[in-house]
Amino acid sequence: MNEMMMPKPKKKKVVHFNQVKPVTNHIFNLLFLIISLLCLLPIVFVFMISISSEASLAVNGYRLIPETFSLLAYKFLWNERSMLFNALKVSVFVTFVGTMLGVFLTTTMGYVLSRPGYRLKTFFSYVVFIPMIFNGGMAANYVIVANVLGFRNNILALILPLAVNSFNVIICKTFFKTTIPDALIESAKIDGASQLRIFAQIVLPISKPVVATIGLFLAFNYWNDWFQSSLYISDRNLISLQALLNNILMNIQYLANNPSAGLSLVQYKNQMPSESVRMAIAIVIAVPIACVYPFLQKHFISGLTVGAIKG
Amino acid sequence: MKKNSLVNHVNMPSGHKGKKKWSRDDTELTLVGLPCFIWYIIFSYLPMFGLLIAFKSYKISPGHGFLYSLFKSDWVGFRNFSFFVKSNAFSMLLRNTVLYNLVFIILGMLIPVTLAIMISQIYNRFSKKAYQTMMVLPHFLSWVVASYFVYAFLRPDKGLANIVLQALGRESIQWYSSPQYWPFILVITQVWKTVGYSMVVYLAGITSIDRSLYEAAVIDGASKRQQARYITLPSIKPLVIMMFILNVGKIFYSDFGLFYQVTQRIPNSLYNTVSTFDTYIFAALQSNTPIGQTAAAALFQAVACCITILLVNYIVSKLDKDSAII
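Only a predicted model underlies this, so the values are computations on that prediction, with no experimental measurement involved. (Residues numbered from 1 in each chain as written. Chains lettered and ligands numbered in written order. Predicted model: local features only at pLDDT ≥ 70, side-chain atom pairs only at ≥ 80, totals over all residues.)

1. A closer look at the overall build of chain B
Stage number 1. Looking only at helices and strands, chain B features 15 helices and two strands.
Stage number 2. Against the 2.2 N^0.38 benchmark of 20 Å for 326 residues, chain B shows a C-alpha radius of gyration of 25 Å, more extended than a compact globule.
Stage number 3. Taken across its 326 residues, chain B has 38% of its residues classed as buried.
Stage number 4. Sequence-distant contacts in chain B: of pairs separated by 6 or more residues, those separated by 24 or more amount to 68%. (Helix = DSSP H or I, 4+ residues; strand = E, 2+ residues; numbered from the N terminus. Rg over C-alpha atoms; globule rule 2.2 N^0.38 Å. Buried ≥ 20, exposed ≤ 12 C-beta atoms within 10 Å, placed from the backbone. Contact = placed C-beta atoms within 7 Å.)

As structure tokens, then:
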């Protein structure tokens, strides 16, 4: 381009083609900065409470910047680690097994629905679709899981009911339909591969984005679930982290049932920094997610756009 | 072109005219789909039939399983329903559930769409990403964790809200026993938790709009406002309507965690303000209310939702054929 034609760039920011005015940009930036901080504020606040000393909590209440700091809450949790680790084990196990199972069930059904010319496609489509507009709800699910299947105090009650969700199946089906060329599958069929083999060895390896998305949806769902526990689980050994947090919300002493040597249960409970311990557990549960999700965020969005928007 | 049909697979032509013979391929595909099909039967369709219990007076037959007892129990017709509908709680539950949901649906559409359009205008890509990341965080936390956050603000003796009120010379408020504040608290909490994620979804819709549309508009002299009005909004309309129909379809359901956890398990003083169908059913399951009456409440909920979603979809399809999802 002819340099003479170009307007001289100003020293300040150049307004590019079709951008908002710099002032507007600044206002928007300020607005979003405030909103973002509001989204983070509660977690920071709760963290500050968890590292406040009991004395300063008793005198000043909850403050954003405590007078005196103390790591007593975390020390206490460390002493109670056997219980925490047990809950962590349950959470990790449920999340891992549930996600694997859910991805398997969801992608297989998605694949089957994406095959043109499959005889039962319409039937299976209705099987997947009807629960989206009509479902038995909490009471009926409870009756089936607790009474018919008898999963009370069984880890399967935490895993199986959450494994499949019609929305995920449809995301998968749309992905397979739009990204996997029919010719690829036809040629594999001519080579004598069975559908199961085509699915496992050809379709899945080239469908990593959607598998990642579905896997993440499921994993977060399992990790954050406390509801299934509150319905079906009373055995202390099967309490997950979220359920533990849920139980001590009302009764912090749920945590303190194995005093260290030389203390009576009452003494032990009295010296527990109960205020900050509550908040410390909330932090212990929230931090892994807060650390992980920024890196996985794009999969959440790409999956939604692939599945729902471009369908 | 039908852009956003969730269920167009239902109506897809099979690609083969006339009946085709059952092939080996069909057998194999059926086997691949079978595990998931079995899951659906057990965890989706069995509960639907389990709702039959709403028409029965369930009595345990000693020594037999649940299903046997269910079939042996007497039919009572709609007695469980009339009991539920005539109970004191019903109109309160209906009002709370529907009103809260209406507010959530409207705010959940207006705020995220506005924010998405605004954030798409920010120059700096890095800060755009940073804002999004911070704003989605609440979406990934469970309601149990969120309830601790609310508790830190509202706890009567030590919470931040009352400390601030006292510093301003006002009297402190017993938040967890003052029902008049809870509609606002619940709405704010819900918006706080969901706004970032919805914004990101709409933003994904906005970024996939063809840039040349905007270029043409600029050449025609369109202002930013006009571009938003005539290009951005119409382009994301199908997405907005899809979210709208899906949300309206859940209008008789409520986000259980929000109503149950954030209120600290619904203290008595808040009961009439924050109870919804789901918290009612949950409480009934935990107590010794006859299971038939609980199932009647659940069936009412399911049928009402099913009718609503079909109705809304029908209306949308009359107004704008391409936007309907069924």
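2. Quick notes on the overall build of chain A
Stage number 1. In terms of regular secondary structure, chain A is built from 15 helices and zero strands.
Stage number 2. A buried classification covers 41% of the 311 residues belonging to chain A.

3. Considerations on the confidence of the model for chain A
Low pLDDT means the predicted coordinates in that region are not meant to be read closely.
Stage number 1. Residues with a pLDDT of 70 or more make up 85% of chain A, whose mean pLDDT is 84.
Stage number 2. Across chain A, the element-wise mean pLDDT spans from 67 in helix 14 (residues 265-270) of chain A up to 95 in helix 7 (residues 156-159) of chain A. (pLDDT = per-residue confidence, 0-100.)

4. Observations concerning the interface of chain A and chain B
Stage number 1. If you look at the interface, chain A gives 88 residues, while chain B gives 91 residues.
Stage number 2. Examining the composition of the side of chain A that touches chain B, we find that 15 residues originate from one element, helix 15 (residues 274-309) of chain A, more than from any other.
Stage number 3. Considered class by class, the residues forming the side of chain A that touches chain B number 60 nonpolar, 23 polar and five charged. (Nonpolar A, V, L, I, M, F, W, Y, C, P; charged D, E, K, R; others polar.)

5. Regarding the environment of B:His64
Residue and element names in this part refer to chain B.
Stage number 1. Tracing the chain through its elements places His64 in the loop between strand 1 (56-57) and helix 3 (66-72).
Stage number 2. When the 12 C-beta atoms within 10 Å are taken as the criterion, His64 is described as exposed.
Stage number 3. As for His64 and Ala152, which are separated by 88 residues in sequence, their C-alpha atoms are 49 Å apart.

6. Thoughts on the packing of helix 4 (residues 79-86) of chain B against helix 15 (residues 291-319) of chain B
Residue and element names in this part refer to chain B.
Stage number 1. With their axes 8 Å apart at the nearest point, helix 4 and helix 15 run at an angle of 75 degrees to one another. Here helix 15 runs roughly perpendicular to helix 4, going by the angle between their axes. Residues Asn80, Phe81, Phe83 and Phe84 of helix 4 lie in contact with helix 15, whose contacting residues are Gly292, Gln293, Ala296, Ala297 and Phe300.
Stage number 2. Considered class by class, the residues forming the contact of helix 4 with helix 15 number six nonpolar, three polar and no charged. (Axes fitted to C-alpha atoms, helices over the stretch in contact; angles between N-to-C directions. Parallel < 35°, antiparallel > 145°, perpendicular 65-115°, else oblique.)

7. Topic: the domain arrangement of chain B
Residues and elements named next belong to chain B.
Stage number 1. Each assigned domain of chain B is listed here: domain 1 (28-77) and domain 2 (89-323).
Stage number 2. Each of domain 1 and domain 2 has a C-alpha centre, and these two points are 33 Å apart.
Stage number 3. The interface is formed by six residues belonging to domain 1 together with seven residues belonging to domain 2.
Stage number 4. Class assignment of the residues belonging to the side of domain 1 that touches domain 2 gives a composition of four nonpolar, one polar and one charged. (Domains from an automatic or database assignment.)

8. A closer look at the domain arrangement of chain A
Stage number 1. The assigned domain composition of chain A is domain 1 (22-72) and domain 2 (81-254).
Stage number 2. The straight-line distance from the C-alpha centre of domain 1 of chain A to that of domain 2 of chain A is 36 Å.

9. Overview of the nonpolar core
Stage number 1. The biggest cluster of nonpolar side chains holds 159 residues, and the ones touching the most others in it are A:Ala282, B:Val145, B:Ala295 and B:Ala298.
Stage number 2. Not counting the four nearest positions on each side in its chain, B:Ala295 is found in contact with A:Ala139, A:Ala140, B:Leu51, B:Ile53 and B:Ala54. (Core = buried A, V, L, I, M, F, W, Y, C linked by C-beta atoms within 7 Å.)

10. Comments concerning the environment of A:Asn221
Stage number 1. For A:Asn221, the position within the fold is in helix 11 (residues 208-224).
Stage number 2. Sequence spacing of A:Asn221 and A:Ala163 is 58 residues, and the spatial spacing of their C-alpha atoms is 9.6 Å.

11. Re unusual backbone geometry
Stage number 1. Despite not being glycine, A:Asn153 has its phi angle at roughly 50 degrees, a positive value.
Stage number 2. Tracing the sequence through the fold places A:Asn153 in the loop between helix 6 (137-148) and helix 7.
Stage number 3. Of note in the backbone geometry, B:Arg265 takes a positive phi value of approximately 60 degrees without being a glycine.
Stage number 4. When you line up the elements, B:Arg265 lands in the loop between helix 12 (256-261) and helix 13 (271-274).
Stage number 5. Residue B:Arg265 is classed as partly exposed on the basis of its 16 C-beta neighbours within 10 Å.

12. Details of the confidence of the model for chain B
Residues and elements named next belong to chain B.
Stage number 1. Here chain B averages 88 in pLDDT, and 94% of its residues register 70 or above.
Stage number 2. Ranking the elements of chain B by mean pLDDT puts helix 1 (residues 8-11) last, at 46, and helix 5 (residues 88-119) first, at 95.
Stage number 3. Low pLDDT, under 50, characterises residues 7-17; the stretch is placed with 17 contacts to residues that sit more than four places away or in other chains.

13. Section: helix 6 (residues 125-136) of chain B
Residue and element names in this part refer to chain B.
Stage number 1. Compared with the 16 Å implied by 1.5 Å per residue over 12 residues, the 17 Å span of helix 6 between its first and last C-alpha is a close match.
Stage number 2. Among all positions in helix 6, only Tyr131, Gln132, Met135 and Val136 are buried. Around the axis of helix 6, the buried residues are gathered within 120 degrees of arc, so they sit on the same side. (Expected span 1.5 Å × (residues − 1). Arc of directions from axis to C-beta.)

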